[in-house]
Protein chains: 4
Amino acid sequence: MGLVEQREGTEAGRLDAFVDGAFAFILTLLLIGGASIPDSAAKLLHALGGVPAFAACFFQVAFFWHGHVRWRRLCPRDEAAGRWWSLLLVFFALIFVYPLHMVFAGVFSWLSGGLLPSDFAPVGGPIDMRILFACYGLAYACMAGTLALLFVHAAGSSARQGLDNLGARREMRVWSVPALVGLASALTALLLPLSAPGWMWAIPGMMYSLLFLIGPVVNRFNRRYVPA
Amino acid sequence: MGLVEQREGTEAGRLDAFVDGAFAFILTLLLIGGASIPDSAAKLLHALGGVPAFAACFFQVAFFWHGHVRWRRLCPRDEAAGRWWSLLLVFFALIFVYPLHMVFAGVFSWLSGGLLPSDFAPVGGPIDMRILFACYGLAYACMAGTLALLFVHAAGSSARQGLDNLGARREMRVWSVPALVGLASALTALLLPLSAPGWMWAIPGMMYSLLFLIGPVVNRFNRRYVPA
Amino acid sequence: MGLVEQREGTEAGRLDAFVDGAFAFILTLLLIGGASIPDSAAKLLHALGGVPAFAACFFQVAFFWHGHVRWRRLCPRDEAAGRWWSLLLVFFALIFVYPLHMVFAGVFSWLSGGLLPSDFAPVGGPIDMRILFACYGLAYACMAGTLALLFVHAAGSSARQGLDNLGARREMRVWSVPALVGLASALTALLLPLSAPGWMWAIPGMMYSLLFLIGPVVNRFNRRYVPA
Amino acid sequence: MGLVEQREGTEAGRLDAFVDGAFAFILTLLLIGGASIPDSAAKLLHALGGVPAFAACFFQVAFFWHGHVRWRRLCPRDEAAGRWWSLLLVFFALIFVYPLHMVFAGVFSWLSGGLLPSDFAPVGGPIDMRILFACYGLAYACMAGTLALLFVHAAGSSARQGLDNLGARREMRVWSVPALVGLASALTALLLPLSAPGWMWAIPGMMYSLLFLIGPVVNRFNRRYVPA
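Residues numbered from 1 in each chain as written. Chains lettered and ligands numbered in written order. Predicted model: local features only at pLDDT ≥ 70, side-chain atom pairs only at ≥ 80, totals over all residues. Heavy atoms only, no water.

- Within an unreviewed UniProt entry, the label attached to chain A reads Transglutaminase, and the organism entered is Rhodanobacter lindaniclasticus.
- Per UniProt, chain A has the following entry under Catalytic activity (unreviewed entry): "K(+)(in) = K(+)(out)".
- In its Sequence similarities (unreviewed entry) section, the UniProt record describing chain A reads: "Belongs to the TMEM175 family." (UniProt positions renumbered as here; feature names shortened; annotations may be inferred.)

**Comments concerning the overall build of chain A**
And then number 1: Scanning chain A from terminus to terminus reveals 8 helices and 0 strands.
And then number 2: The secondary structure elements of chain A, listed N-terminal to C-terminal, are α-α-α-α-α-α-α-α.
And then number 3: Residues classed as buried in chain A amount to 50% of the 228 residues present.
And then number 4: When the accessible area of chain A is evaluated, it comes to approximately 9800 Å², of which 69% is carbon and sulfur surface. (Helix = DSSP H or I, 4+ residues; strand = E, 2+ residues; numbered from the N terminus. Buried < 20%, exposed > 50% of the residue type's maximum accessible area, 1.4 Å probe, protein only. Areas by Shrake-Rupley, 256 points an atom, 1.4 Å probe, with all protein chains shown as cover.)

**A short note on the relation of the copies chain A and chain C**
And then number 1: Mapping chain A onto chain C is achieved by rotating through 90 degrees and translating by 0.0 Å along the same axis, at an RMSD of 0.0 Å. Overall, the copies show the geometry of a four-fold rotation axis. Of the C-alpha atoms belonging to chain A, the one lying closest to the rotation axis is found on A:Gly21, 4.6 Å away. (Least-squares fit on C-alpha atoms with pLDDT ≥ 70 in both.)

**Quick notes on the environment of A:Gly13**
And then number 1: Its place among the elements puts A:Gly13 in helix α1 (residues 3-34).
And then number 2: Its relative accessible area of 37% is what places A:Gly13 among the partly exposed residues.

**Remarks on the side chain of A:Arg72**
And then number 1: With respect to the helices and strands, the residue A:Arg72 is situated in helix α3 (residues 51-74).
And then number 2: Using a relative accessible area of 6% as the deciding quantity, one classes A:Arg72 as buried.
And then number 3: In this view, A:Arg72 contacts A:Ala12, A:Leu15, A:Asp16, A:Arg77 and B:Arg14; residues no more than four positions away in its chain are not counted. (Contact = heavy atoms within 4.5 Å.)

**Concerning a nonpolar patch on the surface**
Residue and element names in this part refer to chain A.
And then number 1: A surface patch of nonpolar side chains, amounting to about 590 Å² of accessible area, comprises Leu138, Leu180, Leu183, Leu187, Leu190 and Leu191.
And then number 2: Broken down by element, the nonpolar patch gets its largest block of residues, 5 residues, from helix α6 (residues 166-191).
And then number 3: Following the sequence through the fold, leucine 191 ends up in helix α6. (Patch = residues over 30% accessible without salt bridge, like charges linked within 9 Å, V, L, I, M, F, W, Y side chains within 5 Å. Salt bridge = Lys/Arg side-chain N within 4 Å of Asp/Glu carboxyl O.)

**A short note on the pattern of salt bridges**
Two side chains that carry opposite charge are able to pair once their charged atoms sit near each other.
Residue and element names in this part refer to chain C.
And then number 1: Tallied over the full model, the rule gives 8 salt bridges over all chains.
And then number 2: For aspartate 16, the salt bridge is made with arginine 72, and the minimal N-O distance between the two is 3.0 Å. You can see aspartate 16 sitting in helix α1 (residues 3-34) and its partner arginine 72 sitting in helix α3 (residues 51-74), a full 56 residues away along the chain.

**So, the interface of chain D and chain B**
And then number 1: Taken together, the contacts link 28 residues of chain D with 31 residues of chain B.
And then number 2: Carbon and sulfur atoms make up 79% of the area that chain D and chain B hide from each other, which totals about 2900 Å².
And then number 3: Along the contact surface separating chain D from chain B lie 0 salt bridges.
And then number 4: Between the two partners, chain D and chain B, sit 1 residue pair in polar contact (both at pLDDT 80 or more).
And then number 5: Of all the secondary-structure elements, those providing two or more residues to the side of chain D that touches chain B are α1 (3-34), α4 (80-111) and α5 (126-160) of chain D.
And then number 6: Ranked by residue count, the leading element in the side of chain D that touches chain B is α4(D), at 11 residues.
And then number 7: The residue makeup of the side of chain D that touches chain B, split by class, is 21 nonpolar, 1 polar and 6 charged. (Buried area = accessible area lost by both parts, 1.4 Å probe. Polar contact = N/O pair within 3.5 Å; in protein donor to acceptor, adjacent residues only side chain to side chain. Nonpolar A, V, L, I, M, F, W, Y, C, P; charged D, E, K, R; others polar.)

**Considerations on the UniProt feature "transmembrane region" (unreviewed entry) in chain A**
And then number 1: According to UniProt, the positions carrying the feature "transmembrane region" (unreviewed entry) are residues 17-38, 44-65, 86-111, 131-152, 173-192 and 198-218 of chain A.
And then number 2: Secondary structure within residues 198-218 of chain A divides into 43% helix and 0% strand; the distance between the first and last C-alpha atoms comes to 36 Å.

**Structural notes on helix α2 (residues 41-48) of chain B**
Count 3.6 residues to each turn of an α-helix, and residues three or four apart come out pointing the same way.
And then number 1: Restricting attention to buried positions, one finds in α2(B) the residues B:Ala41, B:Leu44 and B:Ala47. With its buried residues spanning 115 degrees around the axis, α2(B) presents them on a single face. α2(B) presents B:Ala42 and B:His46 as exposed residues on the side facing more than 90 degrees away from its buried surface.
And then number 2: Packed against the buried residues of α2(B) are α3 (51-74) of chain B together with α4 and α5 of chain D. (Arc of directions from axis to C-beta.)

**Observations regarding the interface of chain A and chain C**
Many descriptions give the size of an interface as the accessible area lost when the pieces come together.
And then number 1: Each side of the interface is counted separately: chain A has 28 residues, and chain C has 31 residues.
And then number 2: Taken together, both faces of the contact between chain A and chain C bury some 2900 Å²; the carbon and sulfur share is 79%.
And then number 3: At the junction of chain A with chain C, the criterion picks out 0 salt bridges.
And then number 4: When residues of the side of chain A that touches chain C are traced back to their parent elements, those giving at least two are α1, α4 (80-111) and α5 (126-160) of chain A.
And then number 5: The element best represented in the side of chain A that touches chain C is α4(A), accounting for 11 residues.
And then number 6: Each residue belonging to the side of chain A that touches chain C can be placed in one class, and the counts come to 21 nonpolar, 1 polar and 6 charged.

**Observations concerning the packing of helix α4 (residues 80-111) of chain C against helix α5 (residues 126-160) of chain C**
Packed helices, taken two at a time, are described by the angle their axes make and the gap between the axes.
All names here are of chain C.
And then number 1: Where α4 meets α5, the closest approach of the two axes is 9 Å, and the angle between their N-to-C directions is 155 degrees. Of the possible angle classes, the one that applies to α4 and α5 is roughly antiparallel. The two elements α4 and α5 meet at a crossing, and its hand is left-handed.
And then number 2: In the contact of α4 with α5, the residues fall into 22 nonpolar, 4 polar and no charged. (Axes fitted to C-alpha atoms, helices over the stretch in contact; angles between N-to-C directions. Parallel < 35°, antiparallel > 145°, perpendicular 65-115°, else oblique. Left-handed = near helix turned anticlockwise from the far one by under 90°.)

**Here we look at the relation of the copies chain D and chain B**
And then number 1: Rotating chain D by 90 degrees and translating it 0.0 Å along the rotation axis places it on chain B, where the RMSD comes to 0.0 Å.
And then number 2: With a heterologous cut-off of 20% or less, the 4% of interface residues of chain D that recur at the interface of chain B puts this contact in the heterologous class.

**Remarks on the packing of aromatic side chains**
Where two aromatic rings form a pair, the distance of their centres and the angle of their planes describe that pair.
And then number 1: Taken as a whole and assessed by the stated rule, the structure comprises 80 aromatic pairs over all chains.
And then number 2: Seen from their ring centres, C:Phe18 and D:Trp65 are 4.3 Å apart, and the 35 degrees between their planes marks the pair as tilted. Of this pair, C:Phe18 sits in helix α1 while D:Trp65 sits in helix α3 (residues 51-74), placing the two residues on different chains.
And then number 3: Owing to a relative accessible area of 1%, C:Phe18 belongs among the buried residues under this scheme.
And then number 4: For D:Trp65, a relative accessible area of 2% translates into the label buried.
And then number 5: With 6.5 Å between their ring centres and 90 degrees between their planes, D:Phe104 and D:Tyr136 make a pair best called edge-to-face. Taken together, the residues D:Phe104 in helix α4 and D:Tyr136 in helix α5 connect sequence positions 32 residues apart. (Phe/Tyr/Trp six-rings, centres within 6.5 Å; stacked < 30°, edge-to-face > 60°.)

Spelled out as structure tokens, the structure:
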């Protein structure tokens, strides 16, 4: 391993330490943000009622974090573009954490018929639903889009070094699905008329089931590019 | 060291960084959660009164963290199952921290006859004790059970590679003891009738003394499997 | 790699871990400090109004952090001077974070005609502007100056080992520009008479456009020292 | 490097990551604990008035952290004793942070004639001084004593491996000086009669000037044990 490679390895390691530390903070923020410190059994039960929403947020954030870990596997070199996209991912994650928690707390409270607590009270009716789904969808699209751009960069970097970039190109397609779904959900929430009946406000949330499209996209990529 | 092994080493290192950072956060949460910032000598004394409970929590959390460090020693490869069980351990630890602190603050306050402060006031009588011990026991069982599953995975992974997995199988048995004890204590707290006399509510707490069974379990394992 | 070099590598790595962790904290502080946790759509919108200021702060802090990463590349050995200057950089960063956020929140609120929220209300008129710009300028100059001193140390260390120190000497010049600009802006804010007309209080802010001088300084350095 | 050494290196690295992360948290706690987030120029000035006390705390904590870094240099192996003493050091540091900040804020406020703010108001007179100096002295002695024990362990470990342990034995003596000074100051504060005149309450603080004894202790050690 030459001196240049070793130096680049050190810098990549420091960027990773920064990203890992920031994601660990984000999860703690989720917990602190979602529950005050209980001092009686009733408050403890109330705080534990927030666990399903916390679990959903935790694994959602871990999913994006693991995307960055997979990116590093495909792009071990430290280059300026990878550095800036990584910082952008941390930046979006720090912003994403609040609408993320509000959406999941609301969904679990609604699914349990109000048994599970929700810190989010949609007092304003449809206009609140529009704001919440638009913010969530845009933040979701920004994070997935940044990951897609990281893999675009990894594919280009591997190609310039004359290496195989099939994995990076596959991941690029995988992450463009949630980016497009988030964008479509946010647009739907913004374009739905405020006079729409109540059940129609579930549509922007339902659209996230389109994430199942990741499977067919990967299959189509493998059929076309992966040698049998 | 081939390229695949090196890449897996990097990913294992990032998972460890994530786990270590999250556990360090959990300990800070314990401190922030257990004491407001003192601005007079009386408040400083009051805050220091919480030190015994903080010490008990600190070494309890460090005990689980060290379990994960020992797991990594036996399973240095990065595999999907190990990754998800590790994330689950962090998730349970973030939830565990509140009932943990409430139980220990209550125990030390009771042992000292109210001299040491307790943030937990069991105003509701038996129903509060039931909730507290049930939450604590379940959280305890979840953490120890996740560690047991991590070692199950390590044993399987070593066996598939044709390596000796005696250490992983021994740890698996070690961690199943606290998992079962926590579960039994939680069940006892849930099944005790609310009309039971006050002293009986100490039983779920006393059951943690069954942790001494770890010793005989290890001895029996060594007698049966370790060649003399 | 001899034993001494390996030991120095370990200590340099721990210093880096400390610096990276502290910078990750600083960014979280920025977020927590700049917005309370929203529990309604209106508060979420208000919190998102702080995103432009947060973005500016985030990339400003990341800029200084990356300066330290570049320093480590040029000075991989662990020496007492490098250690103390690094700790001083973290210390200034922890102090810098509050005036930084106040300045950017104020600027974005002013640029948007009050549409974006500002936590900083300059109720005191000119005297508040003076205090804010003086604090910001001094903190900015301290951070850039510490980075310049880190590169002075790196240049000296490389020269003592008989290595090429052109990169360190170039960075030294690069970082002295923001140090001088920050100092000049702080002095202007302190020397402007309080009776000056309102528009003159924009001068200390405008002076940061002098950062474009980094380009000519680097060009002049390259013409004089870099062999063609 | 054999497999055992490599595994021990990984575990030592994870312990270091834990210690470094916890110390970075402690410094952030210092900042959050010592100042509310300013939203006007007057509050910013007030917060900046806490910078001298923050600086003193920051470098005091960094001093103990660097003691642990020096210990790792002398004891690169991961052994149970080193692990538990390291965790104990983090535990004491988390407790130390509050009396540390109160003492320094009080000292700087007193030195500046009340110009610099102090979050600590000794409303109770002598009894408050006694509590504050006793807590600070004990916490100081615990941290320095833990470091001394870490070096006792490092000296024993090196001796068992047949290596030179002169450095560890020197550090052991260095750290026993602050441990004894802290203990003596705490005892003085506890034994001073509450009716003592006001100036006598400066004695426990003055006793920290005995730290200059580190110099003679090191010189005597070098004369006796280091071959000329």
